[in-house]
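Report on the structure
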Amino acid sequence: PRSRLVPVTLGPIVTPTVTGRIALLHRSVYRSQRRTIAVSGVAFANATADNPDNKKARMTGSESTTRVVVWFRNDLRLQDNYAVKQAESIATRTAACDVLPLYVFDPRTFAPSSWGSPKCGGHRGRFQLESVLNLKRNLRAIGSDLLVAVGKPEEVIPKYLLDAPGAKNVVLTQEEVCSEELRVDAKVKSAVKSAGNLNRLDKIWGSTLYHKDDLPFRSDASDLPDVFTPFRNKVESKSEPREPVPPPAKGALPMPSDTLEAFAFEPTVADLPFANEDERAIAATGAHPDGVLPFEGGESAALARVRYYVWESEKIATYFETRNGMLGGDYSSKLAPWLAHGCVSPRQVVAEVRKFESQRVENKSTYWLIFELIWRDFFKFFALKHGNAIFFSEGTAGGKMGGSGYKGGAGPWRDDPAALAAWKAGKTGYPLVDANMRELAATGFMSNRGRQNVASWLALDAGGDWRLGAGGV
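A brief look at the structure comes next.

Parameters and conventions
Residues numbered from 1 in each chain as written. Predicted model: local features only at pLDDT ≥ 70, side-chain atom pairs only at ≥ 80, totals over all residues. Heavy atoms only, no water. Helix = DSSP H or I, 4+ residues; strand = E, 2+ residues; numbered from the N terminus. Buried < 20%, exposed > 50% of the residue type's maximum accessible area, 1.4 Å probe, protein only. Contact = heavy atoms within 4.5 Å. Pairing = 2+ DSSP bridges. Right-handed = clockwise from strand over helix to strand, strands pointing away. Phe/Tyr/Trp six-rings, centres within 6.5 Å; stacked < 30°, edge-to-face > 60°.

1. Things to note about the side chain of Ser447
Turning to its location among the elements, Ser447 is positioned in the loop between helix H14 (431–443) and helix H15 (448–461). Residue class for Ser447 comes out buried when judged on its relative accessible area of 1%. The residues touching Ser447, leaving out its near neighbours within four places in the chain, are Gly325, Met326, Tyr331 and Asn436.

2. What to know about the pairing of strand E5 (residues 200–204)
Taken together, the five bridges between strand E4 (residues 168–174) and E5 define a ladder with parallel strand orientation. What sits directly across from Val171, in E5, is Leu201. In terms of handedness, the path from E4 via helix H5 (residues 179–194) over to E5 forms a crossover that is right-handed.

3. Describing the packing of aromatic side chains
Going through the model one piece at a time under the given rule, you end up with 23 aromatic pairs. Note on Phe217 and Phe231: the rings are 6.0 Å apart at their centroids and 15 degrees apart in plane angle, and the pair reads as stacked. Of this pair, Phe217 sits in the loop between E5 and helix H6 (228–238) while Phe231 sits in helix H6, and the two are 14 residues apart along the sequence. An identical accessibility class is assigned to Phe217 and Phe231; each is buried.

4. Some points on the environment of Val344
Along the chain, Val344 falls in the loop between helix H10 (336–340) and helix H11 (346–359). The exposure class of Val344 is buried, given its relative accessible area of 2%. Between the C-alpha atoms of Val344 and Gly298, which are 46 residues apart in sequence, the distance is 8.5 Å. Beyond its immediate sequence surroundings of up to four residues, Val344 is in contact with Arg77, Ala302, Leu303, Val306, Trp338, Leu339 and Val349.

As structure tokens, this is what we get:
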């Protein structure tokens with residue numbers, strides 16, 4: 001018999017009070033069996049803070065001599081969060097240690113891209129805000145809190161590091177793979193080190209079903225297959241997902257005593273650094289009454305959706321047959337926005353599916369959701385392997401696709417502003433394309449099958465540069 005995950009109970013977490021909707025433009029991926037995560041310790045060394053600018057901004061008066069800053073990014077949850085578990089482990093065995101959970105709304109992630117469109121629109125911004133506020137409430141429920149700021153992380157984080165003689169600081173954050181995130185990582189690392197030579201930034205892998213260290217490939221993914229099926233076959237036969245780790249116990253993340261006033265800030269839509277006021281207005285509008293779901297950001301809503309889709313409705317049992325639908329809330333799991341923001345981990349989802357299989361039914365549909373999660377892993381590791389090449393005109397194929405430009409489909413990419421504008425507005429004259437693009441504009445959501453069709457029209461029928469579609473909606 002196949003080994004199964006020991007499921008983590010999707011226990012009650014503080015119910016969110018903010019409602020809204022999100023842009024759903026990502027898929028998700030992963031599969032699971034059995035593995036226990038070993039949370040290793042972090043070696044600390046004495047840190048001194050000689051930067052006068054940082055000293056001026058920092059708060060003083062803490063009785064702690066060790067501080068762990070948990071810098072949340074796309075991991076907005078307490079359950080099955082490796083960075084949170086690491087912080088809990090350090091705090092448990094370290095005297096005079098406090099834990100400072102932190103989230104920073106970085107204006108660079110909202111700014112216009114090189115293509116001119118905002119990197120974060122109103123629908124996504126609202127979902128992100130809801131997720132952060134829900135995390136804050138959940139932390140408060142266990143005797144902690146979330147310090148929320150708006151600014152650049154490399155400027156915000158040093159303000160809250162301990163600077164007393166002999167104090168120690170470590171910043172924990174989820175490891176990312178793309179260039180913009182890596183540039184911010186480098187700046188944060190430099191800023192943390194400048195506040196004390198022995199301070200440190202530790203990046204922890206945690207966004208995928210299969211852990212990077214457990215893959216049957218080289219650590220840099222240089223031998224990762226560029227096609228999905230060989231990747232899936234190899235990881236399913238040679239790797240096992242790690243078991244979800246439980247959330248921290250009440251009181252396990254001791255609060256800093258010198259930052260209490262800073263924790264009082266709870267941002268609203270008005271505080272977010274949107275690229276323009278149109279996006280802010282979309283964020284403030286609320287859910288569209290005709291949307292497929294009232295997508296609500298946060299771990300609480302994510303776990304509720306998992307419970308509903310797997311256990312309450314048992315829709316998971318027919319997922320394979322219904323997954324390509326376009327109308328309604330239950331033809332697919334709709335978990336992608338919560339997975340993209342880390343409100344729930346793929347390991348938690350698979351644990352619940354395996355539990356459902358053991359207690360109710362196991363069929364092609366239950367496996368197929370796991371299959372789709374493995375697709376999500378594939379794209380993450382594909383990005384790790386190829387870096388910025390995934391954003392180039394010819395992608396990772398380079399000149400292999402026919403000289404200076406892509407020659408397939410409609411031919412080389414064409415500069416056709418009128419076609420692009422019609423596509424964005426849902427006015428191409430093709431009803432299926434137009435209906436999906438109008439749904440996206442109004443609600444922030446489009447089905448998986450819809451995304452495939454509208455992308456195909458832009459790149460293959462209109463011959464438009466695919467990057468304008470990826471970064472221009």
